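Topology and contacts: notes
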Amino acid sequence: MCANRNFRVASDVGGTFTDSIAYDAETRRITVSKVSTTPENRALGTAEGLRAALDLQGATGAQVAYVGHGMTTATNAVIQRNGAKTAFLTNAGFRDLLEIGRQNRPSLFDISVVRPEQLVPRELCFTAEGRLDHAGAELQPLNEADVRRAARQMAAEGVQSVGVLFLHSYANPVHERRACEILRQELPEAAICASTDLNSEFREYERASTTVLNAYLRPVMERYLQSLSGILRDAETGLGLGEDRPVMVMDAAGGLMQLDSAREKPVHTVLSGPAGGVVAAAYVAEAASIRDIITMDIGGTSTDISLIREGRPEITRSAALATVPIQLPVIDINAIGAGGGSIAWIDEGGALRVGPMSAEAVPGPVAYGRGGDRATVTDANIVLGRFDGGSRLGGTMELDAAGAAAVIERDIAKPLGLGLEEAAAGILRVAHANMVRGIRVVSVERGYDPRDFALVPFGGAGPMHGSPVARELQMPSVLVPPTPGILCAMGQLISDLRHDFVETHIAAFDDLGATGAEALINRLIARADACLIEDGVPDDRRDFEIKIDLRYVGQSFALPIAADPAQPDWWARLSEAFHAAHFARFGHSAPAAPLEVVAVNVTGIGRIDKPELPGVAPGGTTPDDAARRGIREIYFEPGDSAATGAWAQATIWAREALRAGNVIHGPAAIEEVSSTTILYPGDRASVLASGSIIVEVAR
C-alpha cells in the first residue's frame, strides 16, 4: 500500500447519522459513508465512518494528511442541559444579570410564560466589589478578598467551570484578568473563562451569556475532543493517525480552528456542522455560476436554513441556541424542528402538527426498525413511495415499509378520518409549510425576495423536499449538490482557517474619521495576523476582511458594513453603503442624519488548498440506459399542478450513472447513497458538468 499522504477526510456528526467523506487529491475521487451516530460516544461513530469512506478508496489512515470535523456535541449539551456544573462571577450588584436578561417576550400576551432554565442557577452566581467606567478607567479597585471568598464557596459546591464577566471589561480587562488568576490559584482543577478571552464587545448580558456558555461547555468538549483525538490516532479502534496529522474543527462562522482552540473556546463550535454545509453549498453553487442561494439542510432532527448573497454567507453576531444568547460571529442559520425524524402528532384542537420533537438516532423513525413507535416525516416518505421499500438507507440500513404504514394509519389516519396516503401526504404538507416559514425568516423578513434566489437543498432528506418548497415560494430553480447527504462534511474540506476580532469603539462617524478608524483596524489586523502565523499560514495565504458597525445616532443596534481602507474615499463610501443597507433591511434610510461608529471587526483568513472536486463526464440529452433503474409509483401530495393527491408512474435514475447534459423530466426519483432527489410532475432536471443537478421547478 502506498504511504503517500494524499487523502483528506472529514466527518459531520449529526443527530441521526454521522456522515464522512474521503477525497483523493491525486485522482480527485470522492467516496462517502453514512453510519448511525453513536450517542454513547460520538467519536466511535466518527472513526467508523471515516474508516468506511477510506475502505471504499482502498486506503488507510497512514495515507491521510488532514482530518476535518464538525459535530453537534456542544449543541446537544446545551439543548439537553448536560454540560459542566458552572459558576458565574461578576460585579457586586449584578448577581441576577443572567436571570434578568432582556425583557424580550416571545409571546407578548401570554401571562403564563415560564422562563427557560439558566445554565447557572442563582446559588452559583457570585459577586465581587470593583468597578470600571465605560472607558475602562478604574472607579473602584477589585476586592480580591471577595474573589477568594467566592472561589472557596465554588469549591465547596463542586464547581467544574467558572465564567467571569465584569462591567466594561471590553474597554479594560484588568479586573477580569486578576480575578481569573485568583480563581486558577484557588480552583486548579476548574476551567476558568473570562469574557475578554472571547470578545471585546459591549452589552454585558449577551457577553455574560456567551462567557457562561463557553465555561459550561469546556469540560464536555475537553473530554469529547480528547476521546476523538485518541481514537483517531489508535491503530486498532481508529485510523492510526500520527501526531503530525492535523485535526481541524469547524467553527460556527464557517472557518476552521485548531483542536486546541476548540478545547479552549468550545462556544465557537456551536452549530459547527450546519456551518460546514453552508460553506460547501456556496462552493458548489459558485461552480455552477450561481451566487445567490438559500440553503436548506434537512437532517434527521432539524432543517437549517441560511441565505447567501454574492457567494458569501450572511454572518451575524447576535445568535441564540436553545434560548441562550451568543455574541460571537456565526453564520446566520435559522434552525427549525422539521427533519426526517420529526414526529407527526395531533394537537388538542385536532390539527396535524409536525415537530419539533424528533425520534433522533435512537430509536429513530419506525421504518428504521430500531424500536421507534411514533410516525415521522421519513415514515411518510416511505409510505408515499419516495423510497423503495426494499432499499437500504445509506447503503446499509434496511427499511420497514410495513411498520411505517401501520404507525401512520394508527396515529394519524384513523384519528383524523383520512386514508393512509392522505395522512402521509398531510405530514409532508405540514413539514413543507414549516420549511417555507423558516425560509421567509431569512429572506422576506430581511428584505430579500426568495424568487431572486436558487434553493440548495442538502442533507439526507433535503433533495426529497426541495421542489415542493421552492414551488410554494415561487423560487424558479433548485440546485442539488453532488453527494448532498454528505455536504456538511465536505464543507470541512474546503473551509479556510478563520480568526475573528471585534472591538467596541463608540464614536461619532465624523469625529472618528478615516485616520482614527485605520488605527483601530491596524491594531486588530496585527492580532489576527499573529494568530495566522501561529497556525503556520504563509504570508501569501493570509487575508483580512474588515467591517465597521454603524448606526444612526439614537439607535440601539447597528449594521455591519464591509470596508476597504485601500480604496480611495473609502470612509465616505462607507456611509453611503450604510444608508443603502439600512434601506434594504428596514425599508427606509436617512442620508442627512448623523452616523455613529459602534465597533470595528477584523477577520483573519488563512486560505487552504481547496480540493478540486470531480466533474461529470459529458453525455447526450437522453441519459444512458444504464442509469435507468426502473419505474416506481410515487404519491404526490395535494397542491401540485400536474398530480393532485394521486399516484404517478415515476422513472427511477441512478445518479452515479448520469452524465453532464442529461435531462430528466418529472415525475422521477434520482437515487444515490447519501440522498434521493424527487422531481415533481412538470419539473425538469439537467445534469451540470460540475456534478450538480439544476431543477427547473414547474409553476
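Use the structure listed above.
All of these numbers come straight from a predicted model, not from anything done at the bench.

All right, on to the nonpolar core then. If you look at the biggest cluster of nonpolar residues, it comprises 73 residues, and the most contacted ones within it are Leu89, Met154 and Leu183. In terms of residue count, helix α6 (residues 204-233) provides more of this core than any other element does, 13 residues in total. For leucine 89, the residues in contact, after removing those within four places along its chain, are Phe126, Thr127, Ala128, Val147, Ala150, Met154, Gly163, Val164, Leu165, Phe166, Ala179 and Leu183. If you look at the next biggest cluster of nonpolar residues, it comprises 70 residues, including Val407, Met435, Ile652 and Ile678.

Let us look at the pairing of strand β3 (residues 30-36). Within β3, six of the seven residues are buried, leaving the element largely enclosed by the surrounding structure. In terms of strand pairing, strand β2 (residues 17-24) meets β3 through seven bridges, oriented antiparallel. Residue pairing for β3: tyrosine 23 is matched across the bridge by isoleucine 30. A loop of five residues connects β2 with β3, the two strands running antiparallel in sequence, and arginine 28 in this loop sits at a positive phi of about 65 degrees.

Across its 30 residues, α6 extends 41 Å between first and last C-alpha, which sits within 8% of the 44 Å expected from 1.5 Å per residue. The largest bend along α6 reaches roughly 40 degrees and is located at arginine 218, with the proline proline 219 sitting one to four residues downstream.

Next up on the list: the sheet that holds strand β9 (residues 161-164). Spatial ordering of the open sheet is given by β6-β5-β9-β10, a layout of four strands whose pairing is parallel. The open sheet is flanked by β6 (125-128) and β10 (191-194), the only strands paired with a single partner. When strand polarity is set aside, the average angle formed by the axes of neighbouring strands in this sheet is 20 degrees. As paired strands, β9 and β10 are joined by four bridges and run parallel to one another. Within the sheet, the bridge partner assigned to glycine 163 lies in β10 and is cysteine 193. Relative to the sheet, α6 contacts β5 (86-91), β9 and β10, its axis offset from that of β9 by approximately 165 degrees.

Moving on, we get to the packing of helix α11 (residues 420-442) against helix α12 (residues 462-472). Taken N-terminus to C-terminus, the directions of α11 and α12 make an angle of 60 degrees; their axes are 10 Å apart at the nearest point. As far as their axial angle goes, α12 and α11 are oblique. Considering how the two elements wind past one another, α11 and α12 form a crossing that is right-handed. Contacts between α11 and α12 involve Leu428, His432, Met435, Val436 and Ile439 from the first element and His465, Pro468, Val469 and Glu472 from the second. In the contact of α11 with α12, the residues fall into six nonpolar, two polar and one charged.

Where burial is concerned, the two faces of strand β11 (residues 247-250) agree: the one with Val247 and Val249 and the one with Met248 and Met250 are both buried. Of the strand pairs in this sheet, strand β4 (residues 64-70) and β11 are connected by three bridges, and their pairing is parallel. Bridge pairing in β11 places valine 67 opposite valine 247. In this structure, β11 lies alongside strand β12 (residues 256-258), joined through three bridges in antiparallel fashion.

All right, on to the packing of aromatic side chains then. To describe a pair of aromatic rings, you give the distance between the ring centres and the angle between the ring planes. A full pass over the atoms with the stated rule returns six aromatic pairs. An angle of 75 degrees between the planes, with centres 4.9 Å apart, marks the rings of tyrosine 552 and phenylalanine 578 as edge-to-face. With a gap of 26 residues between them, tyrosine 552 in strand β28 (residues 542-552) and phenylalanine 578 in helix α15 (residues 570-586) connect regions that are remote in the sequence. On the accessibility criterion, phenylalanine 578 (0% relative accessible area) is buried. When the ring of tryptophan 570 is compared with that of tryptophan 571, the centres are 5.2 Å apart and the planes differ by 75 degrees; the resulting orientation is edge-to-face. A single burial state applies to tryptophan 570 and to tryptophan 571, both of which are buried. Members of the aromatic cluster, joined through ring pairs, are Phe509, Trp570 and Trp571. Sitting above the plane of the phenylalanine 557 ring, arginine 203 keeps its charged end 4.2 Å from the centroid.

Okay, the sheet that holds strand β31 (residues 628-636) next. The four strands lie next to each other as β31-β32-β34-β35, forming an open sheet whose pairing is mixed. This sheet does not close on itself; its edge strands, each paired only once, are β31 and β35 (676-679). Neighbour-to-neighbour, the strand axes of the sheet open up by a mean angle of 25 degrees, direction not taken into account. Bridging between strand β32 (residues 646-654) and strand β34 (residues 668-671) involves four bridges; their strand directions are parallel. In the strand pairing of β34, alanine 654 is matched with glutamate 671.

Attention shifts here to the pattern of salt bridges. Evaluated as defined, the whole model comprises 35 salt bridges. Put simply, arginine 148 and glutamate 186 hold a salt bridge, and the shortest N to O gap is 2.9 Å. Within this pair, whereas arginine 148 is found in helix α4 (residues 144-156), its partner glutamate 186 is found in helix α5 (residues 174-186), the two being separated by 38 residues in sequence. You can call glutamate 186 partly exposed: its relative accessible area is 30%. With its nearest N and O atoms 3.1 Å apart, the salt bridge here joins arginine 471 to aspartate 683. Here arginine 471 is found in helix α12, whereas its partner aspartate 683 is found in the loop between β35 and β36 (684-687), with 212 residues between them in sequence. For aspartate 683, a relative accessible area of 1% corresponds to the buried category. Here the salt bridges do not stand alone but share partners, grouping Asp496, Asp543, Arg607 and Lys610 into one network.

A cis amide bond links glycine 355 with the next residue in sequence, proline 356, at an omega value of 0 degrees. Along the polypeptide, proline 356 turns up in strand β22 (residues 352-358). In this chain, glycine 666 is followed by proline 667 through a cis amide linkage whose omega measures 5 degrees. A positive phi angle, near 65 degrees, is found at serine 289, a position not held by glycine. When you line up the elements, serine 289 lands in the loop between α8 (272-287) and β13 (293-298). Residue classification places serine 289 among the exposed residues on the basis of a relative accessible area of 67%. The phi torsion at glutamate 310 lies on the positive side, around 55 degrees, for a residue other than glycine. Looking at the element boundaries, glutamate 310 is found in the loop between β14 (303-309) and β15 (312-313).

Taking 1.5 Å per residue, 13 residues should reach 18 Å; α5 reaches 19 Å between its end C-alpha atoms and fits that length. When we look at burial in α5, the residues that qualify are His175, Glu176, Ala179, Cys180, Ile182 and Leu183. Looking straight down α5, one finds its buried side chains confined to an arc of 165 degrees; they lie on one side.

Glancing now at the environment of phenylalanine 126. Looking at where phenylalanine 126 falls in the secondary structure, it is placed in strand β6. Taking C-alpha positions, phenylalanine 126 is 6.0 Å from phenylalanine 88, a pair spaced 38 residues apart along the chain. Leave out the neighbours within four places in its chain, and phenylalanine 126 touches Ala87, Phe88, Leu89, Thr90, Ala150, Gln153 and Met154.

Here is what the cut-offs are and how they apply
- Residues numbered from 1 in each chain as written.
- Predicted model: local features only at pLDDT ≥ 70, side-chain atom pairs only at ≥ 80, totals over all residues.
- Heavy atoms only, no water.
- Core = buried A, V, L, I, M, F, W, Y, C linked by side-chain atoms within 4.5 Å.
- Buried < 20%, exposed > 50% of the residue type's maximum accessible area, 1.4 Å probe, protein only.
- Helix = DSSP H or I, 4+ residues; strand = E, 2+ residues; numbered from the N terminus.
- Contact = heavy atoms within 4.5 Å.
- Pairing = 2+ DSSP bridges.
- Expected span 1.5 Å × (residues − 1).
- Bend = angle between axes of the 7 residues up to and from the residue.
- Axes fitted to C-alpha atoms, helices over the stretch in contact; angles between N-to-C directions.
- Parallel < 35°, antiparallel > 145°, perpendicular 65-115°, else oblique.
- Left-handed = near helix turned anticlockwise from the far one by under 90°.
- Nonpolar A, V, L, I, M, F, W, Y, C, P; charged D, E, K, R; others polar.
- Phe/Tyr/Trp six-rings, centres within 6.5 Å; stacked < 30°, edge-to-face > 60°.
- Lys NZ or Arg CZ within 6 Å of the ring centre and 35° of its normal.
- Salt bridge = Lys/Arg side-chain N within 4 Å of Asp/Glu carboxyl O.
- Arc of directions from axis to C-beta.

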